[in-house]
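Below, each chain spelled out in residue letters.
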Amino acid sequence: MVSQGSSPSLLEALSSDFLACKICLEQLRVPKTLPCLHTYCQDCLAQLAEGGHLRCPECRESVPVPPAGVAAFKTNFFVNGLLDLVKARAGGDLRAGKPACALCPLMGGASAGGPATARCLDCADDLCQACADGHRCTRQTHSHRVVDLVGYRAGWYDEEARERQAAQCPQHPGEALRFLCQPCSQLLCRECRLDPHLDHPCLPLAEAVRARRPGLEELLAGVDSNLAELEATRLAEKEALARLREQAAKVVMQVEEAAEGVLRALLAQKQEVLGQLRAHVEAAEEAARERLGELEGREQVAREAAAFARRVLSLGREAEILSLEGAIAQRLRQLQGCPWVPGPAPCQLPQLELHPGLLDKNCHLLRLSFEEQQLLKDSRKDGARSPGGDAAQPQSRDGVQTPNQDRAQTPQEDEAQPLKAERAETPQEDGAKTPKEGRAQTPQEDGGTQAARGGRSNKKRKFKGRLKSVSREPSPAPGPNLEGSGLLPRPIFFCSFPTRMPGDKRAPRITGLCPFGSREILVADEQNRALKRFSLNGDYRGVVPVPEGCSPCSVAALQDAVAFSAAARLYLINHNGEVQWRRALSLCQASHAVAAMPSGDRVAVSVSGHVEVYNMEGSLATRFIPGGKANRGLRALVFLTTSPQGHFVGSDWQQNSLVVCDGLGQVVGEYRGPGLHGCQPGSVSVDKKGYIFLTLREVNKVVILDPKGALLGDFLTAYHGLEKPRVTTMVDGRYLVVSLSNGTIHVFRVRPLDS
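For clarity, every value in this text was computed on a predicted model and none was experimentally measured.

### Remarks on the overall build of the protein chain
Tallying secondary structure elements over the protein chain gives 11 helices and 41 strands in all. Classification of the 755 residues of the protein chain by burial places 50% in the buried group. In the protein chain, the proportion of contacts linking residues at least 24 apart, taken out of those at least 6 apart, comes to 57%.

### A closer look at the sheet that holds strand 7 (residues 125–127)
Strand order in the open sheet made by the 3 strands is 7-6-8, with antiparallel pairing throughout. The open sheet is flanked by strand 7 and strand 8 (146–148), the only strands paired with a single partner. Strand-to-strand, the axes of this sheet are offset by a mean angle of 35 degrees, without reference to chain direction. The pairing of strand 6 (residues 118–120) with strand 7 spans 3 bridges and is antiparallel. Opposite Cys120, over in strand 7, you have Asp125 as the bridge partner.

### Side note on the pattern of salt bridges
Per the counting criterion, the structure on display carries 22 salt bridges. Arg245 is the salt-bridge partner of Glu285, the closest N and O atoms lying 2.7 Å from each other. With Glu285 in helix 9 (residues 267–315) and Arg245 in helix 8 (residues 205–260), this pair connects stretches of sequence that are 40 residues apart. Since its relative accessible area comes to 13%, Arg245 is described here as buried. A salt bridge links Arg623 to Glu612, with the shortest nitrogen-to-oxygen separation between them at 3.3 Å. Taken together, the residues Arg623 in strand 30 (residues 620–624) and Glu612 in strand 29 (residues 610–615) connect sequence positions 11 residues apart.

### Concerning the confidence of the model for the protein chain
Residues at a pLDDT of 70 or more form 73% of the protein chain, whose mean pLDDT is 76. A low-confidence stretch, residues 1–7 stays under pLDDT 50, and its non-local contacts, those more than four residues away or across chains, total 14 contacts. Scored below 50 in pLDDT, residues 92–96 makes 7 contacts in the model with residues more than four places away or belonging to other chains.

### Here's the deal with the UniProt feature "domain: RING-type" (unreviewed entry) in the protein chain
With numbering matched to this structure, UniProt assigns "domain: RING-type" (unreviewed entry) to residues 21–60. Within residues 21–60, the helical portion is 18% and the strand portion 22%, while the C-alpha atoms at the span's ends are 16 Å from each other.

### Quick word on the sheet that holds strand 35 (residues 684–686)
As summarised here, the arrangement of the 4 strands in space is 35-36-37-38, forming an open sheet in which the pairing is antiparallel. With one partner strand each, in any of the chains shown, strand 35 and strand 38 (711–716) form the two edges of the open sheet. Taking each pair of neighbouring strands and ignoring which way they run, the sheet shows an average axis angle of 30 degrees. Examined bridge by bridge, strand 36 (residues 692–696) and strand 37 (residues 701–705) share 5 bridges and lie antiparallel to one another. If you follow Leu696 over to strand 37, its bridge partner there is Lys701.

### Observations regarding the pairing of strand 36
The buried count for strand 36 comes to 5 of 5 residues, which makes it a mostly enclosed element. Burial along strand 36 is two-sided: the residues Ile692, Leu694 and Leu696 and Phe693 and Thr695 are all buried. Relative to strand 36, strand 35 runs antiparallel, the two sharing 3 bridges. In the strand pairing of strand 36, Val686 is matched with Ile692.

The rules behind the values
- Residues numbered from 1 in each chain as written.
- Predicted model: local features only at pLDDT ≥ 70, side-chain atom pairs only at ≥ 80, totals over all residues.
- Heavy atoms only, no water.
- Helix = DSSP H or I, 4+ residues; strand = E, 2+ residues; numbered from the N terminus.
- Buried < 20%, exposed > 50% of the residue type's maximum accessible area, 1.4 Å probe, protein only.
- Contact = heavy atoms within 4.5 Å.
- Pairing = 2+ DSSP bridges.
- Axes fitted to C-alpha atoms, helices over the stretch in contact; angles between N-to-C directions.
- Salt bridge = Lys/Arg side-chain N within 4 Å of Asp/Glu carboxyl O.
- pLDDT = per-residue confidence, 0-100.
- UniProt positions renumbered as here; feature names shortened; annotations may be inferred.

Here's what the structure looks like:
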């Protein structure tokens, strides 16, 4: 992409993908330009046209198809001229089969021309040495530019060749386009001007370009100004979000430190405040993500249109510029007229307040207060105009105060470094009964009303005990205080049992779990090279035989078959252990996660950062990289599962995130926030409503996320008997099975939302 304000060179246009169709990925053939200034092959556009409309594959803008079909879209003469130059340079190999002279056969007697050594830029003909010498000596061609053929093929004379070769009239072959009919805005050759444009005022192409270029340049300057404002607004939005995340993370730590010093009876109040904080941050982040997505999309569309217009004005010939002038002007006016928000919405930074009556059980010991950020628009604009100027720094606060302590507001500066902190998530106790103890849960109040706006942006706001307002519209995600309000699934302990059997030679190492029939699970014991069957109650049901020497790692049950990975191979066996097929996998990954598709007739496996899906016959059905080819080499899915909605959910150790994508590899959601506590994400399971259960082995937790990957809170903790949880699976959509590193399995019934 050409940077804003710079003019692209001809070499860049020829060597980049500018001449490639973004649909077929081949060189453009019969290039047609849409009103959004994106160019594609005519045949490719014909395949996209449906119902009189087509959607641009790049900017997704809907374009009406002319009544005459896609052939009626404007022909891109600018691209055609560049393609002609590329074809002329690429025609022939000087080392094998030298090109022949184009004039020798015309002089009679010679059936084929001699080897060409030169090229006339005006005639666009290859010439032998004798014809090149004679070409310079005739009255009609003595002014033609004859150059060395090797240098021409090397691209030394591209710009000169473009200047000397005029655009040809499509109606009259051999005639160059020389005039512009002003009333018709049509390019004409000498033949076209005779009829029906004889009485129309016409201008030579050079004069017409001189007259119209300032108008296009003025429009282009307006779009450049809009781009600068959009970029400045986007950066300011990111900085505001970074300040929010930094302060929220600081408050999370303060909440944890304060909560450690109080009695267990006060834990419910801790949960209440953390729930308020999480809901506020998530609401602010959701609004910020929407604004950032819109700003980035508008910026991308405007930047591409400006780059195209700049290329045409810099590299196009007069005929090409004038042929595209109307479309470019219309698009640039449209981009200038697009409404946009001049700055990020204010957001409220949370502050922790410690109540003096810490021992009063009837008092809220922890509470939050919020202050709106001061956004210095003038300073931001100055920074956008002079990027090398002094950078402002964000206001620093400690975030802790007593109810009677006032804080002095200092000016927040403008160019804070974006932080990598994500949403402020803190562990919460869920209050469900565990095998060891039960806890009473205090009622939690539901979250908040919209904040009053107006002249209170500098006023300090305090809210005792619960969140009263947010500065933006609430997101559709569950509100604050989810735990204890009945809005989240809750665990109910079901049973616990060991997996070590009398015949085992070693202590079990469970590396895979999956449901197996009705109320039964299949356990992959890599250490003992076995696939063990257990009922949900812990009754041992025997084994599914595996091939000799195989140590099953990840496992998934399909229709009357079992798929598992071992070393660098994927196996499909029947329930008797007979191998149906095996497939070699990449050696770049130490272990390969396996998951059954919801239909039960296909199996997915993670291989070197991408996902491969095989059918029951062992044929590759599909293969994709989460997030597309741009993420090649940037993913490493160590754990993988599927949801009833057909989504893939994986733990990405390369990005240290949990990623959710659809069946085509498009990322639906991704979470890499502080709720992971710096741990690499572990095993994942999904219930029948799409809620995601993620294992964090280092902190002895299983956290719960919504179907799009947004963290909601803790589901299981050490209070539920978790000690180094290893892998999990979901049985019948309502039983979460958790295996520990010592080979023990805990089973919890997931209480649904409506129970």
